[in-house]
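# Commentary on secondary and tertiary structure
So you can see what is in the structure, the chains are spelled out below.
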Amino acid sequence: MACSSMVKFNAAASSWIGGQHSFNQRSGSACRLPSRRVSVIRAGSYTDELVKTAKSIASPGRGILAIDESNATCGKRLASIGLDNTETNRQAYRQLLLTTPGLGEYISGAILFEETLYQSTTNGKKFVDCLRDENIVPGIKVDKGLVPLPGSNNESWCQGLDGLASRSAEYYKQGARFAKWRTVVSIPCGPSALAVKEAAWGLARYAAISQDNGLVPIVEPEILLDGDHPIERTLEVAEQVWSEVFYYLAENNVVFEGILLKPSMVTPGAEHKEKASPETIAKYTLTMLKRRVPPAVPGIMFLSGGQSEVEATLNLNAMNQSPNPWHVSFSYARALQNSVLKTWLGRPENVEAAQKALLVRAKANSLAQLGKYSAEDEGEDAKKGMFVKGYTY
């Protein structure tokens, strides 16, 4: 973006949020604004706890189980096996997942939807207590979803900052200790500078509010797989996005030692003519991370984004073939749950088999986090891609 247009954008954006210095020009730019406030990270009352929680989640051989689908999205999952989208069916499925014996050996955190955070098993035991018994940290999805971004190229922005502080305080009381906020960036749509800055600013405000209320924020600007672009273009956009994100995280005095990241892997667009090998994806992804992510950040918990179960695990394994500055692990939803759903089919007699299927996938990704995974014994179903063009949560 030209310097003149950048200054105009920053001035407009600053006016939009009431004159605060939220969108000041990055220091070091040739068109830097005349004055800048120096960000100083301030330790809050929860800082020690935040650091401890983040380190617990980013522990060797473990990752995150993401089951924070909205009721509508969970309904789609249930419909795929012929079940109605009722609270009873949602509770039964999540009980299957969260009461899996031995899950804590491979899973360190579980992201829950608000409904699930307050639910209990059919025997009356709170789901958060089921997780604690397995040494799994309960987490909570706090964003309110994506809506169209006016003035952009058919892009979106993530809502949910209104009332976030009070909601976060209540989630903490209920037992949540980390949070998730997902926004998206679309390469086919540009991405526009407006969309990137809106994503970065929203994530930074959410992260600061979460830390102020005792929740470790997972920072997730998902770069969608949609498109036919090459891997080099994904790298370019990823570097742009994460540069903006960390700039605004610092502006908002976010403690880097008390956050976790949930990035997309750097891959070609899902419709690109050539697929990349796990080694190539690892090379490009780690290049991006080393250029943009400070080593103070304890954990990188990748999203699967529609990759097949095996693809997501192979790519993670390739990234752990040599030491990294951070814990490089997983925060998977579909790539952990797909086989589970197909095994369960909503039948009580299949619960034990479905829980075993979950442990198989969790163990595979645990091994991948340690760089010791092999796909030799994987079935064909686990190799089927789950990308859906224009997929919404």
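A quick note: this is a predicted structure, and the numbers were derived from the prediction, not measured. (Residues numbered from 1 in each chain as written. Predicted model: local features only at pLDDT ≥ 70, side-chain atom pairs only at ≥ 80, totals over all residues. Heavy atoms only, no water.)

Of the regular secondary structure elements, the chain holds 13 helices and ten strands. Evaluated residue by residue, the chain yields a buried proportion of 58% over its 393 residues. Taken as a whole, the chain presents about 16400 Å² of accessible surface, with 51% of it coming from carbon and sulfur. (Helix = DSSP H or I, 4+ residues; strand = E, 2+ residues; numbered from the N terminus. Buried < 20%, exposed > 50% of the residue type's maximum accessible area, 1.4 Å probe, protein only. Areas by Shrake-Rupley, 256 points an atom, 1.4 Å probe, with all protein chains shown as cover.)

Assignment of secondary structure puts Ala364 in helix H13 (residues 351-369). On the accessibility criterion, Ala364 (7% relative accessible area) is buried. The spatial distance from the C-alpha of Ala364 to the C-alpha of Leu314 is 9.3 Å, given a sequence separation of 50 residues.

Our next topic: the nonpolar core. Ranked by internal contacts, the top residues of the largest apolar core, which has 106 residues, are Tyr206, Phe246, Leu249, Leu261, Phe302, Tyr332 and Trp344. Top element by residues in this core is helix H9 (residues 231-251). It accounts for eleven residues. Excluding anything up to four places from it in sequence, Leu261 contacts Ile218, Val219, Trp242, Phe246, Val293, Val297, Gly299, Ile300 and Met301. (Core = buried A, V, L, I, M, F, W, Y, C linked by side-chain atoms within 4.5 Å. Contact = heavy atoms within 4.5 Å.)

This brings us to the side chain of Asn315. You can see Asn315 is positioned in helix H11 (residues 309-319). Classification of Asn315 by relative accessible area gives buried; the value is 3%. Residues within four places of Asn315 in sequence aside, it is in contact with Met265, Pro278, Ile281 and Gln307.

Moving on: the packing of aromatic side chains. Applying the stated criterion across every chain, the model contains eight aromatic pairs. Their ring planes at 70 degrees and their centres at 4.8 Å tell us that Tyr247 and Tyr248 sit as a pair that is edge-to-face. Residue class for Tyr247 comes out buried when judged on its relative accessible area of 11%. Linked through ring pairs, Trp201, Tyr247 and Tyr248 together constitute an aromatic cluster. (Phe/Tyr/Trp six-rings, centres within 6.5 Å; stacked < 30°, edge-to-face > 60°.)

The next thing to look at is the confidence of the model for the chain. Per-residue confidence for the chain averages 88 on the pLDDT scale, and 85% of its residues sit at or above 70. In this model, residues 1-35 is a region of pLDDT below 50 whose contacts with residues beyond four sequence positions or in other chains number 42 contacts. (pLDDT = per-residue confidence, 0-100.)

Strand residues, when the strand is regular, have side chains that alternate between the two faces of the sheet. Within strand E1 (residues 63-67), five of the five residues are buried, leaving the element largely enclosed by the surrounding structure. As judged from the five bridges shared by E1 and strand E2 (residues 107-112), these two strands associate in the parallel manner. Bridged to Ile64 within E2 is Gly109. As defined by bridge partners, E1 adjoins strand E10 (residues 327-332) across two bridges and the pair is classed as parallel. Considered in E10, the bridge of Ile64 is made with Ser331. (Pairing = 2+ DSSP bridges.)

Now for unusual backbone geometry. A cis amide bond links Gly190 to the next residue, Pro191, at an omega of -15 degrees. Looking at where Pro191 falls in the secondary structure, it is placed in the loop between strand E6 (178-185) and helix H8 (193-212). Unusually for a residue other than glycine, Asn253 sits at a positive phi of about 60 degrees. With respect to the element layout, Asn253 can be found in the loop between H9 and strand E8 (260-261). Judged by relative accessible area, which is 13%, Asn253 ranks as buried. If you check the backbone angles, Leu345 has positive phi at about 60 degrees while not being a glycine. Tracing the backbone through its elements, the reader meets Leu345 in the loop between helix H12 (334-344) and H13. Leu345 gets classed as partly exposed once you look at its relative accessible area, which sits at 34%.

Buried within helix H7 (residues 164-174) we find Leu164, Arg167, Ser168, Tyr171, Tyr172 and Gln174. Looking straight down H7, one finds its buried side chains confined to an arc of 160 degrees; they lie on one side. Against the buried residues of H7 lie helix H2 (47-57), helix H5 (114-117), helix H6 (127-133), strand E3 (137-141), E6 and H8. Within two residues after H7, Gly175 carries a phi angle of roughly 120 degrees, on the positive side. (Arc of directions from axis to C-beta.)

Attention now moves to the pairing of strand E9 (residues 299-302). Of the two faces of E9, the one lined by Gly299 and Met301 and the one lined by Ile300 and Phe302 are each fully buried. As paired strands, E8 and E9 are joined by two bridges and run parallel to one another. Within E9, the position partnered with Leu260 by the bridge is Gly299. Once you follow E8 into helix H10 (residues 278-292) and on to E9, the crossover reads as right-handed. Two strands pair when backbone bridges link them, and E9 and E10 are joined in this way by four bridges, in the parallel orientation. When the bridges of E10 are listed, Gly299 appears paired with His327. (Right-handed = clockwise from strand over helix to strand, strands pointing away.)

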